[in-house]
Structures are given as C-alpha cells and as structure tokens.
Amino acid sequence: MLAVVPPPVTVRVPSKVNLHLDVGDVREDGYHELTTVFQALSLTDEVTVAVADEPGVEVHGEGATNVPANAKNLAWRAIDELARHVGRDPVKANIRVIIRKGIPVSGGMAGGSADAAAALVALSALWRLELGRDDLATIAGAIGSDVPFVLHGGTALGTGRGERLVPVLSRHTFHWVLAFDRRGLSTPRVFTELDRLRAEGDPPRVGAVEPVLEALASGEPRQLALLLGNDLQAAAVSLRPGLRRTLRAGVDAGALAGTVSGSGPTCAFLCEDADAALRVAAELSGAGVCRTVRVAHGPVPGARVIGGDDAP
Ligand code: C5P
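Predicted, not measured: the structure shown is a model, and the values here were computed from it.

Thresholds, definitions, all that
- Residues numbered from 1 in each chain as written.
- Predicted model: local features only at pLDDT ≥ 70, side-chain atom pairs only at ≥ 80, totals over all residues.
- Heavy atoms only, no water.
- Helix = DSSP H or I, 4+ residues; strand = E, 2+ residues; numbered from the N terminus.
- Rg over C-alpha atoms; globule rule 2.2 N^0.38 Å.
- Buried < 20%, exposed > 50% of the residue type's maximum accessible area, 1.4 Å probe, protein only.
- Pairing = 2+ DSSP bridges.
- Near = heavy atom within 4 Å.
- Polar contact = N/O pair within 3.5 Å; in protein donor to acceptor, adjacent residues only side chain to side chain.
- Areas by Shrake-Rupley, 256 points an atom, 1.4 Å probe, with all protein chains shown as cover.
- Nonpolar A, V, L, I, M, F, W, Y, C, P; charged D, E, K, R; others polar.
- Domains from an automatic or database assignment.
- Axes fitted to C-alpha atoms, helices over the stretch in contact; angles between N-to-C directions.
- Parallel < 35°, antiparallel > 145°, perpendicular 65-115°, else oblique.
- Left-handed = near helix turned anticlockwise from the far one by under 90°.
- Contact = heavy atoms within 4.5 Å.
- Phe/Tyr/Trp six-rings, centres within 6.5 Å; stacked < 30°, edge-to-face > 60°.
- Expected span 1.5 Å × (residues − 1).
- Arc of directions from axis to C-beta.

A. A look at the overall build of the chain. Assigned secondary structure in the chain consists of 10 helices and 12 strands. Against the compact-globule benchmark of 20 Å for 312 residues, the chain has a radius of gyration of 19 Å, which places it among compact chains. Structurally, the chain occupies a C-alpha span of about 65 × 45 × 35 Å along its principal axes. Taken across its 312 residues, the chain has 53% of its residues classed as buried.

What follows is the structure, given as structure tokens:
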C-alpha cells in the first residue's frame, strides 16, 4: 500500500517591535534579564513545511541571501527540536522547509525567531501532532528568546530572557513605519556593546513599564509615543551612528516618535493613523537615510496556518 503524503502546510508569522525594552543585569547563563512589551506587526514571513523528494531548507525574499539554508537555520533547528520531542527524524521523513521572507534579516524584528515559530506550527499541523500551545511555547523558548512571542502574537509583557509572556490589553490598532538599514546588526554584539557602555558610563535607561501598559489600554497613539523606550538603542546607535539621522528623519517626516526596534538596526516610527503612516513612509523613502521603508500595523495574531485544507 502507498503511504499517503500529507499536503504542504503554510504558516504566516508576524514580526515584532519592542514598545518598551528594559535590559537588566547579565545572568549567569550570559543572558540579560528583560522587562519588555512586545507588539506583533503585520510585516510577516511565510513558512511552508512539506514532505518533498529532498529534505532541507530554502529561503526566498527580503535578505534571503543572508540566511543560512542549512541545519543552522533557526526554522530547521525548530523542526529538529519538535521532531526529537515526538521521537521522529525530519531528514528520514523528507521534511522540506520553504521560507518566504518579508521581515528584515538581523533587523531587530525577530525575523529568524518568526521562522522558527512558524516551522513549529507548520510541522505540528503537517504531522497532526496533538500538542497544546503550552507545549509548543516551551519548545519555542528553548530555541530563542523571541520565539514564544511571535508564536503567541498580539501584545504581551515579556520577562526572563523575554520568553515568559503575559498578554497585555491593547485597544485599537497602532500604525507604524519601518526603516530597514542597509546591513543587519548582530544581537549578541549589541548586548555586549550595552554592557561596555554601562561599564564606562551611564547610558539612558527606560522608565517604569506601567505607563506603557496604560497607554496601550487607552489605545491613544500620542500617549504611547511619549513612552516608547529601548535600553538597547544607545548600543545600536553606538555601533551604527547613522541611525541617529534615520530616527530624526522619521520624526521630521511627521511620525509621533521613533525607536530602534529591539537590537536594531530597523527603526520603527509610530504614526497617528494609517494615512499618516503612508505620508511618513513616502517622505522617509525620499530622505535617503535607509534602504527600504515599509508600513505595518499591530497588534496582529501570532503564527497561524493559512489557506489549504488545514486552515482553521
Ligand atoms: O535567545 P536568542 O538566541 O535569540 O538571543 C540571541 C543573543 O542575544 C544571546 O546569545 C545573547 O547574547 C543576547 N540576549 C541577551 N539577553 C536576552 C536575550 C538575548 O543577552 N534576554
């Protein structure tokens, strides 16, 4: 009897911006203790997991040539981890992962983590694994600090390495403009630079998180704009001084406020509404301070199966 090959499963997964990123002390395991507020954005990747003649990974789209198409790819590591969890071998099972990138690579928007989260959801649907979201979140946390959030989506408060999440009430939709830089920045390098800046002086620190949660509950972009803050921004700007100009250009173009997203170098600009975001994007594109400009909104859901017979 012929084995039945399941149809491919495609998952759409959001990027993230940190509205508030408080970096605490370095822990014994080398990670920093964080208090952060994540928002999932409509700038997405799509990941298809299929049974194919040749197992492996292929990557297309935004920055694809800078993503490893091998076992080092975070999406493949997720496949490997989940397969091990259920006692299977993804190579013997001829699993192929096809990644279509919209999220900038090494951009501070959790692009690699997004692909890992999407791969977890796609493989569990393909193999019809009866795993709960909690099981997937535990595996996600072992792969990377941001993987649980992009699995979850919405708006959430993250603590620990960023992997411990509590959903946050957020009213209305917020509108963003994203400025991609010409090259990426390595996350460990930015954390190390912050440690160096702190050893030498006193770089700015974000305030308390509670006002950010209140602004989100109010749904008022003007209120939230005053509170955007990221401890990693000083480190990202120190490594990439041109970001200062990009941040200024976004505000000059009419954004309410700008922030480096996570470890950067992508800059995220909060705008009054969807029309304002389009105007800011058009003006920023002409300012010559970045490689590409995109508009996005948030919050949006986490990694989800799209299309086909497996759609929810
Ligand atoms: O968890 P993830 O692999 O995404 O983290 C990438 C790197 O970012 C870590 O190796 C570490 O250098 C840094 N990091 C950190 N503290 C965190 C999260 C990440 O120092 N809470």
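Once the structure has been displayed, the description carries forward.
B. Molecular detail of the pairing of strand 6 (residues 164–167). Here strand 5 (residues 155–160) runs beside strand 6; their pairing, made up of four bridges, is antiparallel. Considered in strand 6, the bridge of T159 is made with R164. Linking strand 5 to strand 6, which pair antiparallel, is a turn of three residues; within it G162 sits at a positive phi near 115 degrees.

C. Up close: the site of the ligand. As a structural note, the neighbourhood of the ligand is formed by G30, Y31, H32, L34, G144, S145, R161, T187, P188 and F191. A distance of 2.5 Å is found between an oxygen atom of the ligand and a side-chain nitrogen or oxygen belonging to S145. Here a nitrogen atom of the ligand and a backbone polar atom of R161 are 3.1 Å apart. When the free accessible area of the ligand is taken as 450 Å², the share hidden by the protein chains comes to 75%. Of all elements in the fold, only strand 2 (32–51) and helix 5 (187–200) reach the threshold of two or more residues within the shell around the ligand. In terms of residues, the shell around the ligand owes the most to one element, helix 5, which gives three residues. Across the shell around the ligand, the residue classes tally to four nonpolar, five polar and one charged. Each of domain 1 (9–168 + 300–306) and domain 2 (174–298) contributes no fewer than three residues to the shell around the ligand.

D. Seen up close, the environment of T292. With respect to the element layout, T292 can be found in strand 11 (residues 292–298). Residue classification places T292 among the buried residues on the basis of a relative accessible area of 17%. Separated by 111 residues in sequence, T292 and D181 have C-alpha atoms that sit 7.3 Å apart.

E. Region of the structure containing the packing of helix 2 (residues 111–126) against helix 3 (residues 133–143). The interhelical angle for the contact between helix 2 and helix 3, taken along N-to-C directions, is 140 degrees, at an axis separation of 10 Å. One element, helix 2, and the other, helix 3, form an angle in the oblique class. Considering only the axes of helix 2 and helix 3, their crossing is right-handed. Where helix 2 approaches helix 3, its residues A116, L120, V121 and S124 are matched on the opposing element by R133, L136, I139, A140 and I143. The residue makeup of the contact of helix 2 with helix 3, split by class, is seven nonpolar, one polar and one charged.

F. Seen up close, the packing of aromatic side chains. Tallying each qualifying case throughout the model produces one aromatic pair. Geometrically, the ring pair formed by F38 and F149 is stacked, given 4.5 Å between the ring centres and 10 degrees between the ring planes. Separated by 111 residues along the polypeptide, F38 in strand 2 and F149 in helix 4 (residues 147–152) bring together distant segments of the chain.

G. Local environment of the sheet that holds strand 11. With antiparallel pairing, the four strands of this open sheet are ordered in space as 9-10-7-11. Bordering the open sheet on either side are strand 9 (257–260) and strand 11, each of which pairs with just one other strand. Looking at each pair of strands side by side, their axes are set apart by 25 degrees on average, direction ignored. In this structure, strand 7 (residues 174–180) lies alongside strand 10 (residues 267–271), joined through five bridges in antiparallel fashion. The partner of A179 across the bridge, within strand 10, is C267. Strands in contact with helix 10 (residues 274–285) are strand 7, strand 10 and strand 11; relative to strand 7, the strand with the most contacts, it is inclined by about 15 degrees.

H. Representation of helix 10 in the model. With 12 residues, helix 10 extends 17 Å between its outermost C-alpha atoms, agreeing within 8% with the 16 Å of an ideal straight helix rising 1.5 Å per residue. For helix 10, the complete set of buried residues consists of A276, A277, V280, A281 and L284. Angularly, the buried residues of helix 10 cover 135 degrees about the axis, an arc narrow enough to put them on a single face. Opposite the buried face of helix 10, by more than 90 degrees, sit the exposed residues D275, L278, R279 and A282. Its side-chain oxygen placed 3.3 Å from the backbone nitrogen of D275, D273 serves as the N-cap of helix 10.

That's the geometry; what it means functionally is another story.
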